[in-house]
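Architecture and fold: a report
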Amino acid sequence: LRKIIRHKHQIHLQELNKMEEGTKNEEPHSVGIVKKVHIERALKWATKKKNVLLLCYTMSLVSVIISSFYVSAMLRSLGHVIAKSDHSQASSTENFGNNIEDKMHSIEGSVQETSSACLLVCDDNHFLIEWIAYHYFAVDLRYLIVTRDPRCRTSPDHILDRWRDKLTIEYWNDSRFLKMEGNETPLETHRARQAQFNIECLRTLKRKNQSWVLLTDTDEFVTINPSKSAGVNPFSKSGEKNKSLLFPKMERLPSISEPGSVMTFLKNVIVPNKKIGLAGPCLPIYREQFSARESSKEEVEQGLSDSSLGKASFDYMAFSTLRWRKWGKSPKAAFETVLGKKCSTEINPIPGKVAIDLSRLREQDLYHKGIAGNPHRPLEPICPQGNLFTKSKKAGLIIHHYLGTEEQYNYRSTDSRGEKYRTLHYEHTNQNIGSLESDHLKPWLEGFVGLVGEDEASRLLKGVGELEPTLDGSGQQLNWNLTLTNSESGDKTHKIGDLVQGKYGDGWYWAQVTDVIAGMYYNLVLIAKEEKCFEIVGVESNNIRLRGYTIDSLSKRKILKRERKLKIKQRNQQRVNDDV
C-alpha cells in the first residue's frame, strides 16, 4: 500500500512538471494555483489510503486479542471438566428444578441383563401362579414389584413367598405411591392407582439399575412373534431357512422351549429398528386376544406327556397357555350405516403394551410432567404414539391375552363397571374371537420343568388355574354399583341406532349405537370409516356425546342430509318396483 501511495504521488509530480513546461509563457500566479490544487489532491489521496491501512492493522490486532481470549477460556473450561469428571453425575442434576434432586437417588450397581416387571393384582391368583413361572422361564424375570387393590378379597402373599428365593420381590401398599383427594369414584381411584404405581415402579427399577421392564397383567403372556423368529434370511445368498429375519448374524432365535428366549431377543435387538417399531427405549408389543372356545383334551395334550415331565404331572387344562388355543377375529358381520354404505364390521384392535429399556433413560427423564403412567403408553412423551396400535406383522414381541373361563373372568368383585357389563362383554368377545388356532406357547412347560427340576416345578405351580376362597367368604357379590350419565343428555340412555359422537383414541368420531350393555355401556360403529366400519366395544357413557367438533370432517347436518337423500332414493326405487 505504501508503494502504491508513493507511485501515485510521483505521477502527480510528473503531471505538475509537464504543466510547468507548457505554461512558461503564462502568468506565474495561475501556474501556482494549478500546482497547489494538484498537490492538495495528492495529499488527500495519500492520507485516505493511510487511514485504510491503519484500520486494517487495528482490526487484525483486535481479532488476535479476541481469539486469544476465547482459546484461553476454552482451555480453562476443558481443565474444569477434567478436574470435575469424578463428580459429573452429582452435578448433572444440581439445577434440574422442581425439587427433583430431592426425589432422585443414586443408581445401584451395574445394569442388569435380566428383566423386571410392575404388576397390579386383584383376585387373580389362579393366573398369577402361571404368570410368574412362565415369565421367570421365558423372559428371565428376576425383579418383581407388586401391589394389590385393597378392596380385593384374596391375597397373593402365599404365592409370592414361593418365589422369594428365586426373585427379588417388593410388595407395596397404597401408602407407598398413591396420592388422592378423596372424592374420586371407584373407577377413577382404580385408574389413578394403576397410573401412579406404574410411574413410581419405573423410577424405583431405574434406581435399581434394571434394564427391560414389562407392564402387563396376569392374564397376559409375552413371547417372540413367530413371524420374526424364523424364515428365509434375505441377507443370505443361498436363501437358507431357519435364520432370524431381525438378526442376520444369528443362526436362529431361540424357541419358547429354551430358557430366556424372550430376553435373548431383547439383548440382541439393535436400536433403532424400523422392522419392529423400536425407535428408542420403548418396544411395542402386539396383543393377541384369545377366546374361551374350548379345544378337545386330546388337542390340548398333544405333544405333552407325563413321561417328558417326569414326576411333575399336571392337569394341562388348568394352564391358560395350554388350554386356550383359539384366537383371531371371526368373519366380519354385514352392517349398513345411515350414510347408506354397506360394509363389514370388525372389532377394534385392543391397544398394545410396551417393553421399556430403562438403561436407555436417565432417571430425571422419568420425572417428565407429561408422563401419565398409562399402562399402554406409560412414557407418553418418550414412546411414539404409533406404539399404541402397532400391527402384528410389525411387532417383534406379542402378548397372548387370555379371556379365561367365565368363572375366572367374573371372579374379580371390584370391577366398578358391574357384573352385567362383564358378563355381556365376555360373551361378545368370545363370540367374535376364535377363527385361528395356536400352540406357540405349549413347549414352555416342559422347558420350565427341565430348568427348575420336577419337585420344584410341582411346588411352584401348585393350585394353578384354581379359584381360591375369598378372604371374607362372602361369595361373588359386587361392592357397589357405578352409575354414569351423559353430560349432555342427562339421565337419558342411548338406544340402538342412535347417532352419537364416540371417543376413540384422542379424537371424536360420528358413530351409530349397535348395542347397549347394562344401560350405560355401548358398542359403537364409526360411520366415517365406511371401508372398515370400525366397531368399538364397551364404550363408557362419558366417552359418548351428542355434539362437538369431530376429526372425520362430518357434521350432523351433513349426515342427516345424506340420510334424507337416501330415504328419498329408496322410496323412488320402491315406486319403480311397484310399477313394474
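**Digging into the pattern of salt bridges**
The final tally for this structure, using the stated rule, is 25 salt bridges. When the shortest N-O distance is used, the salt bridge between Arg164 and Asp161 registers 2.9 Å. With a relative accessible area of 40%, Arg164 lands in the partly exposed category. Residues Glu456 and Lys166 are paired through a salt bridge, measuring 2.5 Å at the closest nitrogen-oxygen approach. Here Lys166 lies in the loop between helix 6 (157-162) and strand 3 (168-172) and Glu456 lies in helix 16 (residues 454-460), a separation of 290 residues in the sequence. One salt-bridge network, held together by shared partners, links Glu299, Arg325, Lys326, Glu437, Asp439 and Lys442.

**Notes on the pairing of strand 14 (residues 507-517)**
Burial analysis of strand 14 places eight of its 11 residues in the buried class, which makes it a mostly covered element. In this sheet, strand 14 lies alongside strand 13 (residues 499-504) in antiparallel orientation, the contact comprising six bridges. Bridge pairing in strand 14 links Val500 to Ala511.

**A closer look at a positive patch on the surface**
Judged by side-chain charge, Lys558, Lys561, Arg562, Arg564 and Lys565 come together as a positively charged surface patch. Locating Lys565 in the fold gives a position in helix 17 (residues 556-579).

**With respect to the state of the cysteines**
The full count for this structure, using the stated rule, is three disulfides. A sulfur-sulfur distance of 2.0 Å marks the disulfide that ties Cys118 to Cys201. As the torsion about the S-S bond is roughly -90°, the Cys118-Cys201 disulfide counts as left-handed. Note that Cys118 is positioned in strand 1 (residues 115-121) and Cys201 in helix 7 (residues 186-207), a separation of 83 residues in sequence. As far as the burial class goes, Cys118 and Cys201 line up, both buried. One disulfide in the model links Cys282 with Cys383; its S-S distance is 1.9 Å.

**Let's talk about the nonpolar core**
Nonpolar side chains tend to gather and get buried jointly when the protein is soluble and globular. Core analysis: the largest hydrophobic core is formed by 65 residues, its most contacted members being Ile132, Leu144, Trp163, Leu283, Leu397, Trp444 and Phe448. For Leu397, the contacting residues outside a window of four places in its chain are Val222, Thr223, Ile224, Asn225, Val262, Phe265, Leu266, Leu283, Pro284, Ile285 and Tyr286. With 22 residues, the next largest nonpolar core counts Tyr143, Phe197, Leu215 and Val354 among its residues.

**Focus: the confidence of the model for the chain**
Summary statistics for the chain give a mean pLDDT of 77 and a share of 69% for residues scoring 70 or more. Long-range and interchain partners of residues 473-491, a stretch whose pLDDT sits below 50, account for 41 contacts in this model, where long-range means more than four residues apart.

**A word on the environment of His376**
Mapped onto the secondary structure, His376 falls in the loop between strand 10 (353-357) and strand 11 (397-402). Under the relative-accessibility criterion, His376 is labelled buried at 18%. Between the C-alpha atom of His376 and that of Phe389, which follows or precedes it by 13 residues, the distance is 9.5 Å.

**Topic: the pairing of strand 10**
The buried fraction of strand 10 amounts to five of the five residues, a majority that puts the element mostly inside the structure. With burial as the criterion, each face of strand 10 is covered, one bearing Lys353, Ala355 and Asp357 and the other bearing Val354 and Ile356. Direction of pairing for strand 4 (residues 212-214) relative to strand 10: antiparallel, over a ladder of three bridges. Paired with Val213 across the bridge in strand 10 is Ile356.

**Examining unusual backbone geometry**
One non-glycine residue, Asp123, lies in positive phi territory at about 55°. Tracing the backbone through its elements, the reader meets Asp123 in the loop between strand 1 and helix 5 (125-138). Residues other than glycine seldom take positive phi values, yet Asn209 does so here, at roughly 65°. Summarising the element assignment, Asn209 is placed in the loop between helix 7 and strand 4. Judged by its relative accessible area of 7%, Asn209 is buried.

**Topic: the packing of aromatic side chains**
Within the structure shown, the criterion is met by 14 aromatic pairs. Note on Phe177 and Phe197: the rings are 5.5 Å apart at their centroids and 55° apart in plane angle, and the pair reads as tilted. Of this pair, Phe177 sits in the loop between strand 3 and helix 7 while Phe197 sits in helix 7; the two residues are 20 residues apart in sequence, bridging distant segments of the chain. With a centroid separation of 5.7 Å and 50° between ring planes, the pair formed by Trp444 and Phe448 is classed as tilted. Of this pair, Trp444 and Phe448 both sit in helix 15 (residues 444-452), four residues apart, roughly one helical turn. Of the two residues examined, Trp444 and Phe448, each falls in the buried class. In this structure, Arg142 packs its charged tip against the face of Tyr136, placed 3.9 Å from the ring centre. In this arrangement the basic side chain of Arg545 is found over the ring face of Trp508, its NZ or CZ atom lying 4.1 Å from the centre.

Criteria and thresholds
Residues numbered from 1 in each chain as written. Predicted model: local features only at pLDDT ≥ 70, side-chain atom pairs only at ≥ 80, totals over all residues. Heavy atoms only, no water. Salt bridge = Lys/Arg side-chain N within 4 Å of Asp/Glu carboxyl O. Buried < 20%, exposed > 50% of the residue type's maximum accessible area, 1.4 Å probe, protein only. Helix = DSSP H or I, 4+ residues; strand = E, 2+ residues; numbered from the N terminus. Pairing = 2+ DSSP bridges. Patch = residues over 30% accessible without salt bridge, like charges linked within 9 Å, V, L, I, M, F, W, Y side chains within 5 Å. Areas by Shrake-Rupley, 256 points an atom, 1.4 Å probe, with all protein chains shown as cover. Lys, Arg positive; Asp, Glu negative; His and termini not counted. Charge placed at Lys NZ, Arg CZ, Asp CG, Glu CD. Disulfide = S-S within 2.5 Å. Core = buried A, V, L, I, M, F, W, Y, C linked by side-chain atoms within 4.5 Å. Contact = heavy atoms within 4.5 Å. pLDDT = per-residue confidence, 0-100. Phe/Tyr/Trp six-rings, centres within 6.5 Å; stacked < 30°, edge-to-face > 60°. Lys NZ or Arg CZ within 6 Å of the ring centre and 35° of its normal.

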